[in-house]
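So you can see what is in the structure, the chains are spelled out below.
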Amino acid sequence: MDVFVDPHTSLLCTRHSSLSLPFGDEPTERKGDMVTPRATSGIAGPGDPPEPRETVPTPVVPPRSTRRRRAVHPAGAAARRHVARTRLPLAEPSLRAAVGLRGFVMLGILLFDAGITGVGVLNVELFLMLMGFFVTRALLTEHHVSGTVRLVRFYLGRLKPLVPLLALTIGLCLFAVVRLGTYDELDRFASQSIASMLLVNNWEEIGADAVYSETFDRISPLGHLWVIAVVEQFFRAWPLVIFAVLALGRLLSRRFARHAGRHSWQWSPITATLVLVLSAAGAVFGALVMHSGFTSTDAERAYLGTDTHLVGLFAGAAAAAVSYLVVQRRSRRLLKRVVPRSALLSRMSRIVRSLLVSLASAASLIGLAVLWAQATSYSLPWLYEYGFALTALLGAVLVLSLTSPVNQVSRFFLFSPFVGLGNVAYTVFIVHLPIFWLVLKLAPAGSSWDVLVVGLPATLLLGSGVHHLISEPLRQRRWNPQGLVIMASLLVATTAALWFLPSTKLDAPAGNGDIAVLALGDSRANNLSAALAFAEKEDADDPAAKDPFTVTRAGVRGCGIADASQFRTAGGRESAAPAACGAWEEHWAKAIQTAQPNVILIDVSRDAMARRVDGGWTDLTDPGTAARYRESLATLAEVTTRGRTSVVIANARLHTGDATPEQAAAFNALLDEFAAAHPQVTVLDLQGEVCTDAACTPMTLLGQGMYTDDRVHFSDAGKKQIAPWLSAQILAAYRGATNTTTAATTP
């Protein structure tokens, strides 16, 4: 029998039909003293010849006479040795309701990401719990059948469909973002794409100091793949641990089990008990890590980390171990033909079990619904104190109860669309956000209802097609050398495109105007200069009219001109200064020499934040820190004002959340002092344009959000609103430099 793990459904698959004893209401055939099962628990591979059905010798119902009982059921060590030499076929339960639960959870994820439901943070934890359940259940079943876990086959079974799917998805996203995306989207895509291919993008998100909640307001094509990274990182290590634990359990079963023999591990609960204890300990450890790792100023680390999501993955693994123990016990009873003394007692027992299991499912669903309704943001402290752990526990109870054949609640999850979506959930999850992003770009209004009406059906159709036409065939077939060459070539081509195309596009000037503008500073400078793309052309009615500006964006994320090792926001969130920031003078000089700008647009307002210098925290309200920053501004003037180029430097907004109003005011005072001493420098009063002394304007005149969710970078709607004002300021600086040059050359 050829056993392997399906990496998409996470179920155990066999290339030949496997023996399955009667379970629940499964039909059986009785021939004399033999019981023959009709259905099999495995999934037969396409084109494989059917294996002859095996039969299990089963004695007739023993008579009530004690003497005849002893004659039919010999007791003692000899009987136990005889039983141990017999294989124990598993009376596998139907996992169809559990698959339907996964489809239901996947539907919740789709609706949340489409912007239809305002809550849905806990859906990801349930998704991870289900992945832990299905994969661990499949590994336990494989060990029961073959006595081991084939690690190479497991890893190939996951990588063969996953790697081509990721390469195809990210490669198509690359061309879509290059063609339709904004500068900010392409800049973020460039840093996410390689990490997504390597399945480490959750750590890239943490290291990039990104605010994950930004993806809630504006969809990022790769913003969801951190979940895939968490899953795959866990399943790189978990099968190795399972392999060692199962080997230990098999050894202990042979030594200490009641039924010692060739197939003792099939009869003994020792192996699954070890997995259960290890999984429970891992879930407790994950809950403690999540609780201790959360801070109100850095929720991203706790939400995106692999270690903090162990609670859900291990809770699913523990549920799988309990499910296996229940099935193993039921299989032993079926093989021994333990017959109840009374049909009425058997019926009453079934009713009680059905009531208890159904109540457990209903209680779990109610608890999950209450938690789900209250989890409106991933940064809520109670989620990390007990919310995620309780969600994983309730989810484990729910999926475990759904494996019972007498559960009445399972009828809801047996709804065919739920089961169908559950079977392709992994593929649908990977492709759904790129499709949603594309719909928003192409739709005239770009609303959530466009995503619901167009994006959701397209996602289900494309995800199902990719799963059945690409992923499944790749998983099932054996790869020959030609296939390996094709796959390697695809990966190399995709990686090369991801490495070169975004950087080439980002470095290329935008627009075809006569006035060359160079943006320097951090990502805020790039974001601000992107607003010039919305400036009116010379002839708005002529589609072929030239843009007024040619913009080159050379800002580096996280880099100002301050000499500091760390920065801290007004809310207390700390971030390390990128290593590239130390050589900002060389970078700026090279960018100026390459772009030959008429106007340099600078935004280094992140320097208004508190910074760590020489082991202590300080800010620009300190006279010594202000004096050192004046030296940095003097260096800026030497780099940017060597020719007759005008310099426009943006001041800090008082209420962005990065710096306190006092820190931002101190920064603005230093800029005013600097501009007064350098005639070529003009201060761009961004604070006066979009903010008041009390607050910054959150909405545009058309009622759209002015900023992205970080309250610092302008949204596309915000860029459109400030574009006329910003272009007027740039034109004024350019004309001032031109008039100065003309006056200087007039005799």
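These notes cover the structure that comes with them.

Conventions used here
Residues numbered from 1 in each chain as written. Predicted model: local features only at pLDDT ≥ 70, side-chain atom pairs only at ≥ 80, totals over all residues. Heavy atoms only, no water. Helix = DSSP H or I, 4+ residues; strand = E, 2+ residues; numbered from the N terminus. Buried < 20%, exposed > 50% of the residue type's maximum accessible area, 1.4 Å probe, protein only. Contact = heavy atoms within 4.5 Å. Pairing = 2+ DSSP bridges. Axes fitted to C-alpha atoms, helices over the stretch in contact; angles between N-to-C directions. Disulfide = S-S within 2.5 Å. Salt bridge = Lys/Arg side-chain N within 4 Å of Asp/Glu carboxyl O. Parallel < 35°, antiparallel > 145°, perpendicular 65-115°, else oblique. Left-handed = near helix turned anticlockwise from the far one by under 90°. Nonpolar A, V, L, I, M, F, W, Y, C, P; charged D, E, K, R; others polar. Polar contact = N/O pair within 3.5 Å; in protein donor to acceptor, adjacent residues only side chain to side chain. Core = buried A, V, L, I, M, F, W, Y, C linked by side-chain atoms within 4.5 Å. Patch = residues over 30% accessible without salt bridge, like charges linked within 9 Å, V, L, I, M, F, W, Y side chains within 5 Å. Areas by Shrake-Rupley, 256 points an atom, 1.4 Å probe, with all protein chains shown as cover. Phe/Tyr/Trp six-rings, centres within 6.5 Å; stacked < 30°, edge-to-face > 60°. Lys NZ or Arg CZ within 6 Å of the ring centre and 35° of its normal.

1. Concerning the overall build of the chain
A count of helices and strands for the chain gives 26 helices and 14 strands. Looking at the chain as a whole, 50% of its 747 residues qualify as buried. Residue pairs at least 24 apart in sequence account for 77% of intrachain contacts in the chain once pairs closer than 6 positions are excluded.

2. Comments concerning the sheet that holds strand β10 (residues 599-603)
The sheet built from 5 strands is open, its strands ordered β7-β6-β10-β13-β14 with parallel pairing. Looking at which strands have only one partner, the edges of the open sheet turn out to be β7 (549-553) and β14 (681-684). Each neighbouring strand pair of the sheet contributes to a mean axis angle of 25°, computed without reference to strand direction. The pairing of strand β13 (residues 646-650) with β14 spans 4 bridges and is parallel.

3. Some words on the state of the cysteines
One pass over the structure, following the stated rule, counts 2 disulfides. Paired through a disulfide, C559 and C581 show a sulfur-sulfur distance of 2.0 Å. Taking the torsion about the S-S bond as the criterion, the C559 to C581 disulfide, at about -85°, is left-handed. Of this pair, C559 sits in the loop between β7 and β8 (566-568) while C581 sits in the loop between β9 (574-576) and α22 (584-595), placing them 22 residues apart in sequence. Here C691 is linked by a disulfide to C696, with a sulfur-sulfur distance of 2.0 Å. Measuring handedness by torsion sign, the sulfur bridge of C691 and C696 sits at about 95° and is right-handed. For the pair C691 and C696, a shared accessibility class is recorded, and that class is buried. Each bonded cysteine of the chain is numbered by sequence order, and under that numbering the disulfide pairs are 1-2, 3-4.

4. Some details on the sheet that holds β9
If you trace the 4 strands from one edge of the open sheet to the other, you get β9-β8-β11-β12, paired in antiparallel fashion. If you trace the sheet from one side to the other, it starts and ends with β9 and β12 (616-618), each paired once. Across the sheet, the mean angle separating the axes of adjacent strands is 30° when strand polarity is ignored. As defined by bridge partners, β8 adjoins β9 across 3 bridges and the pair is classed as antiparallel. Each bridged residue has a counterpart across the sheet, and for F567 the counterpart in β9 is S575.

5. What to know about the pattern of salt bridges
Under the counting rule described, the total for this entry stands at 12 salt bridges. A salt bridge links R557 to D187, with the shortest nitrogen-to-oxygen separation between them at 3.4 Å. Taken as a pair, R557 in the loop between β7 and β8 and D187 in helix α6 (residues 183-197) lie far apart in primary sequence, 370 residues in all.

6. Topic: the packing of α22 against helix α23 (residues 623-640)
One can describe the packing of α22 onto α23 by two numbers: an axis separation of 10 Å at closest approach and a directional angle of 25°. Considering the angle they form, α22 stands roughly parallel to α23. Considering only the axes of α22 and α23, their crossing is right-handed. In contact with W584, E585, W588, A589 and I592 of α22, α23 contributes S632, T635, L636, V639 and T640. Per-class residue counts for the contact of α22 with α23 are 6 nonpolar, 3 polar and 1 charged.

7. Some points on the side chain of E185
With respect to the secondary-structure elements, E185 resides in helix α6. E185 gets classed as buried once you look at its relative accessible area, which sits at 17%. Reaching out from E185, the side chain makes a polar contact with the side chain of K441 at a distance of 3.1 Å. Setting aside residues no more than four positions away along its own chain, E185 makes contact with V177, W437 and K441.

8. Side note on the nonpolar core
By size, the foremost hydrophobic cluster in this structure holds 113 residues, and its most contacted members are M106, F127, Y303, Y384 and I430. Once residues within four sequence positions are removed from consideration, I430 is found in contact with L162, L165, L166, T169, H224, L225 and I228. In this structure, I592, F667, F674 and V681 belong to the second largest nonpolar core, which totals 37 residues.

9. Quick look at a nonpolar patch on the surface
On the surface, L168, L172, L469 and I470 cluster together to form a nonpolar patch covering roughly 390 Å² of accessible area. Every element with two or more residues in the nonpolar patch is listed here: α5 (151-180) and α19 (448-476). Considering the arrangement of structural elements, one finds I470 in helix α19.

10. Examining the packing of aromatic side chains
Per the stated rule, a full pass over the model turns up 21 aromatic pairs. With 5.1 Å between their ring centres and 70° between their planes, F234 and F235 make a pair best called edge-to-face. Grouping residues by exposure puts F234 and F235 together as buried. Three or more aromatic residues joined by ring pairs make a cluster, and in this case those are F104, F412, F413, F415 and F418. The residue whose ring lies beneath R102 is F134, and the NZ or CZ to ring-centre distance is 4.5 Å. In this structure, R158 packs its charged tip against the face of Y426, placed 5.7 Å from the ring centre.

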